[in-house]
Amino acid sequence: MVRRIDVTGAGGVRLAAWEYADPPKLREAEGSSGGVLLLHGLMGRASHWAETARWLSERHRAVALDQRGHGRSEKPPEGPFSRDAYVDDAEAALDQLGLAPAVLIGHSMGALTAWQLAARRPDLVRGLIICDMRASALGAASQREWADWFKSWPVPFATLADVRKWFGEDDPWVERPNPARGEFFAEVMTEGPDGWRPVFDRAQMLKSRETWVHDAHWEELIQVRCPSLVVRGLDGELGRAESQEMVRVLPRGEYAEVADAGHLVHYDQPEAWRAAIEPFLDGVLTG
């Protein structure tokens, strides 16, 4: 069963949260202390966590959030799409969902939101999993490259098969065929009169990423006091040296890596992803 729970984020922005559980498991989980909040990355949506959330829900309460500008959540024309707005939304979700003290699992942008919230409100976060997100600033050139990449998208796509093929094979950013990447992007498309387009506004996505393009976030990482696991795909965007430095500066940091995985670790290798994070989760949630 999947149920939608409406959440009110910062500034009254309407957010959609999704709980994945069969009714008996859901009732059992609701009696437990705390739970897990899953935060997707830029351009993602809560449903990208469906497989992870389902196995988590066998033992814990797990909720995935569509962040502002994404999925079924509101996409305010004027934003804001600042770091504070995203972190405030996650804090509001923990409160309204009754999940705290929670384990936060974040991918990419969602991981940054998670560790910023853990630094700001340690009372709300009992554990943290950071999946393939850098703490260093990416630089202005990265933003220009993304703007050009967005312009290259051949939207509207005629069919979802075209979406899968372009993002999985034809996109110039794809080094070798990657069906998982095609599926990832197919899930963030919606059908209109002229074909398939992304559910998000690409200008809003550029605005959202400005704060880690131009700013580093090591200081907040150092302030995280809960047990933390840094996970990287061996072919992802987070390099080995930086990931190990992140583990070093985290007061209670641990490290895991997933072979044959790129940036979309949980999508590329779902079984290896589970094997990498489950022991850590068991220790934090049941220890």
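Here is a short report on the structure shown in this document. (Residues numbered from 1 in each chain as written. Predicted model: local features only at pLDDT ≥ 70, side-chain atom pairs only at ≥ 80, totals over all residues. Heavy atoms only, no water.)

Describing the overall build of the protein
Right, so step 1: Counting secondary structure elements, the protein contains 12 helices and 10 strands.
Right, so step 2: In summary, the protein has a C-alpha radius of gyration of 18 Å against a globular reference of 19 Å for 287 residues, a match within 12%.
Right, so step 3: Of the contacts formed within the protein by residues at least 6 apart in sequence, a portion of 72% connects residues at least 24 apart.
Right, so step 4: Counting only carbon and sulfur atoms, one obtains 47% of the accessible surface of the protein, whose full area is about 12,100 Å².
Right, so step 5: If you average the places of the 33 positive and of the 44 negative side-chain charges in the protein, the two averages end up 2 Å apart. (Helix = DSSP H or I, 4+ residues; strand = E, 2+ residues; numbered from the N terminus. Rg over C-alpha atoms; globule rule 2.2 N^0.38 Å. Contact = heavy atoms within 4.5 Å. Areas by Shrake-Rupley, 256 points an atom, 1.4 Å probe, with all protein chains shown as cover. Lys, Arg positive; Asp, Glu negative; His and termini not counted. Charge placed at Lys NZ, Arg CZ, Asp CG, Glu CD.)

Structural notes on the sheet that holds strand β4 (residues 62-66)
Right, so step 1: Read from one edge to the other, the open sheet built from 8 strands follows the order β1-β2-β4-β3-β5-β6-β9-β10, with strand pairing classed as mixed. Strand pairing shows two members of the sheet lacking a second neighbour, β1 (2-8) and β10 (253-258), which therefore form its edges. Strand-to-strand twist of the sheet, defined as the mean angle between neighbouring strand axes without regard to direction, takes the value 20°.
Right, so step 2: Inspection of the sheet shows strand β2 (residues 14-20) paired to β4 by 4 bridges, in the antiparallel sense. Bridge pairing links W18 to A64 in β4.
Right, so step 3: Lying on the sheet, helix α3 (residues 83-97) is in contact with β1, β2, β3 (36-39), β4 and β5 (102-107); it crosses β1 at an angle near 120°. (Pairing = 2+ DSSP bridges. Axes fitted to C-alpha atoms, helices over the stretch in contact; angles between N-to-C directions.)

Focus on α3
Right, so step 1: Over its 15 residues, α3 extends 21 Å from the first C-alpha to the last, a length consistent with the 21 Å expected when each residue adds 1.5 Å.
Right, so step 2: Buried residues dominate α3, accounting for 11 of its 15 residues.
Right, so step 3: The set of residues buried in α3 consists of R83, A85, Y86, V87, D89, A90, E91, A92, A93, L94 and L97.
Right, so step 4: Downstream of α3 by a residue or two, G98 has a phi angle that is positive, lying close to 65°. (Expected span 1.5 Å × (residues − 1). Buried < 20%, exposed > 50% of the residue type's maximum accessible area, 1.4 Å probe, protein only.)

Description of the environment of Y255
Right, so step 1: Within the element layout of this structure, Y255 appears in strand β10.
Right, so step 2: When the C-alpha atoms of Y255 and L229 are compared, they prove to be 5.6 Å apart, with 26 residues separating the residues in sequence.
Right, so step 3: With residues up to four places along the chain from it excluded, the contact list for Y255 reads L229, V230, R232, R240, S243 and V247.
Right, so step 4: Only 3.5 Å separates the side chain of Y255 from the side chain of R232, close enough to count as a polar contact.
Right, so step 5: In terms of polar contacts, Y255 uses its side chain to reach the side chain of E257, at 2.5 Å. (Polar contact = N/O pair within 3.5 Å; in protein donor to acceptor, adjacent residues only side chain to side chain.)

A word on empty space enclosed by the protein
Right, so step 1: As enumerated under the stated definition, the model contains 1 cavity of 30 Å³ or more in all.
Right, so step 2: What the largest cavity holds in volume is close to 40 Å³.
Right, so step 3: It is helix α12 (residues 270-286) that provides the largest number of residues to the lining of the largest cavity, a total of 3 residues.
Right, so step 4: Among the residues making up the lining of the largest cavity, the classes are represented as 3 nonpolar, 1 polar and 3 charged. (1 Å grid on protein atoms, 1.4 Å probe; cavity = no way out; pocket = protein on both sides within 12 Å on 5 of 7 lines; lining within 4 Å. Points joined across faces, edges and corners; volume = space filled by probe spheres on them. Nonpolar A, V, L, I, M, F, W, Y, C, P; charged D, E, K, R; others polar.)

Describing the pairing of β4
Right, so step 1: Within β4, 5 of the 5 residues are buried, which leaves it mostly tucked inside the rest of the structure.
Right, so step 2: Every second residue of β4 is oriented toward a common face, with A62, A64 and D66 on one face and V63 and L65 on the other, all of them buried.
Right, so step 3: The pairing of β3 with β4 spans 4 bridges and is classified as parallel. In the sheet register, L37 faces β4, and the bridge partner there is V63.

Brief notes about helix α5 (residues 140-152)
Right, so step 1: When the terminal C-alpha atoms of α5 are compared, their 19 Å separation across 13 residues agrees well with the 18 Å that a helix rising 1.5 Å per residue should span.
Right, so step 2: Within α5, the full set of buried residues consists of S142, Q143, W146, W149 and F150. Buried residues in α5, looked at end-on, bunch into an arc of 120°, giving them a common side. Seen from the buried face of α5, the exposed residues on the opposite side, beyond 90 degrees, are R144 and K151.
Right, so step 3: Of the surrounding elements, those touching the buried residues of α5 are α6 (160-170), α7 (179-186) and α8 (202-213). (Arc of directions from axis to C-beta.)

Some words on the layout of surface pockets
Right, so step 1: Considered as a void within the structure, the largest pocket measures approximately 1,100 Å³ in volume.
Right, so step 2: Forming the walls of the largest pocket are 37 residues, and the residues nearest its centre are W173, R181, D235, E237 and H263.
Right, so step 3: Only α5, α7 and α8 provide two or more residues apiece to the lining of the largest pocket.
Right, so step 4: Per-class residue counts for the lining of the largest pocket are 16 nonpolar, 10 polar and 11 charged.

A word on unusual backbone geometry
Right, so step 1: Between A100 and P101 the backbone carries a cis peptide bond, its omega angle lying at -5°.
Right, so step 2: As for its placement among the helices and strands, P101 is situated in the loop between α3 and β5.
Right, so step 3: Between V155 and the following residue, P156, the backbone shows a cis peptide bond with an omega angle of 0°.
Right, so step 4: With respect to the helices and strands, P156 occurs in the loop between α5 and α6.
Right, so step 5: The phi torsion at S108 lies on the positive side, around 55°, for a residue other than glycine.
Right, so step 6: Taking the relative accessible area as the measure of exposure, S108 reaches 8% and is therefore buried.
Right, so step 7: Of note, the phi angle at D260 is positive, near 55°, even though the residue is not glycine.
Right, so step 8: Here D260 shows up in the loop between β10 and α11 (265-268).
Right, so step 9: With a relative accessible area of 62%, D260 lands in the exposed category.

The values are spatial; any link to function lies outside them.
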